[in-house]
Amino acid sequence: MTVKEYNNAVELHSDHVFRFILKSIRDQEKAKDIVQDAFEKLWHKVEEVDALKCKAYLFTTAYRRMIDIIRREKKQGNWNEVSEKSYSHSGHYSDLSEILQSALAQLTEVQRSVIMLRDYEGYDYNEISEITNLSLSQVKVYIFRARKYLKDYLVSIETVV
Amino acid sequence: MKINKSNYEAYFLDFVEGKLTANQQAELDLFLAVNPDLKFELDSFDEVILPKEECVDKIAKSELIRNEETGLNEMDYLLISELENTLSEEDKQSLIRLNFESSKVDKERAFYSKTKLNKDEVVLFPNKARMIKKPAKLIYFYRYAASVAAAVLALFLFNLNFPDDQYEPRKIEFANSEIEKEIPMKAAYVIFEEQKAKEPKTLKKNKPSTIIYAAQKLEKPIIPASFKEQEPVIKISEAESLAEIPAKETPKETENQRMEPNEVEKQEEKIAQVSASEEFVPLVQFAKNKFKEEVLKNKTLTETLAEELAAATNQKISFEAVKNQEGKTEQLAINIGKFSFSRKK
């Protein structure tokens, strides 16, 4: 890809990669670093990466870097583990989007990642499999279980309200 | 028992369960005509009765059967597949059947449709402007780092000596003209460098330093008759602070070491030929020349180091020299990747 194509990729994809990482990791500074790293790696391989595949390259690089950071911080005990099956919620929700974001935050990292890649970016199961290095079957199972969890969360909120 | 306001609920329950007799039904109709406000209450009793078509057995099955792949029950699996647009033909048939069997399907479907994240939600990356690359300033990060490393090394090398200066032999003059004339006889004398440590430390860079050369006779020297009785004395022209110094004493020659005149003449002739064809080279210079020839492969030290540096850092490294009319280097420039340094002599 050319410098111009690289710059186009920055314009087109940086917000999306940032949204994906920020919602996964929920730390703005870390998310910024991860996105910058991903673009830096793309720049190093600017002559090798096809312009049409640069978006997948960015998501793959950013996702793997994020997983590395999460694992490292979990080992160091810096990560706040959220109970997967906790439907507890506090505060007042103004709309569905807020409820959904709250539910999303309680998914596991992998479930959250696959569901965001699916809904935000519109990737099919094969593409998600390549980005996350999961098997096709694993991707499907993670997405289905994440949807079930989100639905149950919405039901629980509606019951309370 | 007649129907009244205190017992009408029992009549209502019997009514919805179809247990009223004809007389009781007539009484109920009359009661509702007198109390129309209770008609609404009777209608609500219908809702607490499960419709006959909603079979308990079938509902339980659809909720208990688990999908082998996902572990979800049939309804959840089919509704998520529908949302994900991954329904097979068989799944589509199953969903149609489930629609008839359960009234919960629509409600569940509505909940699942809300689990779709809004892809139009915008989150802006704050550092976007920094990521844009300008072609004119295109420097790869790793190349940049390599250039810096190379530049540091080059600066170190650059401050050593001018490449052209490194192998120029120092000029020496001898006070005694006869010795000056005869001293190149390499066969007779070994010239060596000494007293270098006595050089004043304040000497400026690139200025000729004071080096004393001494001559020592070989074990079996060949000395012309006109020269043999004299003591060889050597003085360096620049060594103003140093007086003439005598060379080390030579051992006295014995009779059997002396050659016949004819033999001496022949040897002198040979030496003259050798002297005319070969340049006089002190030992230190000889060692430098050998090093240049064997190790540097007749390249300058700078050229060799530059090649090694280029190989190690994967950078293009080149030297440019500007020479004056006399052929001496006036300015030297070194280019490393995107960096360039120059130095005037």
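Up top is the structure these notes are about.
Notes on the structure in this doc start here. Owing to the predicted nature of the structure, the values given are computational and were not obtained by experimental measurement.

So, how was this worked out
- Residues numbered from 1 in each chain as written.
- Chains lettered and ligands numbered in written order.
- Predicted model: local features only at pLDDT ≥ 70, side-chain atom pairs only at ≥ 80, totals over all residues.
- Heavy atoms only, no water.
- Helix = DSSP H or I, 4+ residues; strand = E, 2+ residues; numbered from the N terminus.
- Contact = heavy atoms within 4.5 Å.
- Areas by Shrake-Rupley, 256 points an atom, 1.4 Å probe, with all protein chains shown as cover.
- Axes fitted to C-alpha atoms, helices over the stretch in contact; angles between N-to-C directions.
- Parallel < 35°, antiparallel > 145°, perpendicular 65-115°, else oblique.
- Left-handed = near helix turned anticlockwise from the far one by under 90°.
- Nonpolar A, V, L, I, M, F, W, Y, C, P; charged D, E, K, R; others polar.
- Salt bridge = Lys/Arg side-chain N within 4 Å of Asp/Glu carboxyl O.
- Buried < 20%, exposed > 50% of the residue type's maximum accessible area, 1.4 Å probe, protein only.

## A look at the overall build of chain A
Each helix and strand in chain A was counted, giving 7 helices and 0 strands. Each helix and strand of chain A, ordered N terminal to C terminal, gives the series α-α-α-α-α-α-α. Across chain A, every contact between residues at least 6 apart in sequence was considered, and the portion connecting residues at least 24 apart equals 64%. Per element, the accessible surface of chain A, about 7,800 Å² overall, is 47% carbon and sulfur.

## Some points on the packing of helix α5 (residues 74–84) of chain B against helix α6 (residues 89–101) of chain B
Residue and element names in this part refer to chain B. Running from N to C, α5 and α6 point in directions that differ by 120°, and their axes come no closer than 10 Å. One way to sum up the angle between α5 and α6 is to call them oblique. Note that α5 runs across α6; the crossing there is left-handed. Across the interface between the two elements, Glu74, Met75, Tyr77, Leu78, Leu79 and Glu82 from α5 touch Asp91, Ser94, Leu95, Arg97 and Leu98 from α6. When grouped by side-chain class, the residues that make up the contact of α5 with α6 number 6 nonpolar, 1 polar and 4 charged.

## Regarding the pattern of salt bridges
Pairs can form between side chains of opposite charge whenever their charged atoms are close. The full count for this structure, using the stated rule, is 23 salt bridges over all chains. As a salt-bridge pair, Lys30 of chain A and Glu73 of chain A come within 2.8 Å of each other at their nearest N and O atoms. Within this pair, whereas Lys30 of chain A is found in helix α2 (residues 28–44), its partner Glu73 of chain A is found in helix α3 (residues 54–76), the two being separated by 43 residues in sequence. Judged by relative accessible area, which is 9%, Glu73 of chain A ranks as buried. One connected set of salt bridges, linked through shared partners, spans Arg118, Asp119 and Arg147 of chain A together with Glu84 and Lys116 of chain B.

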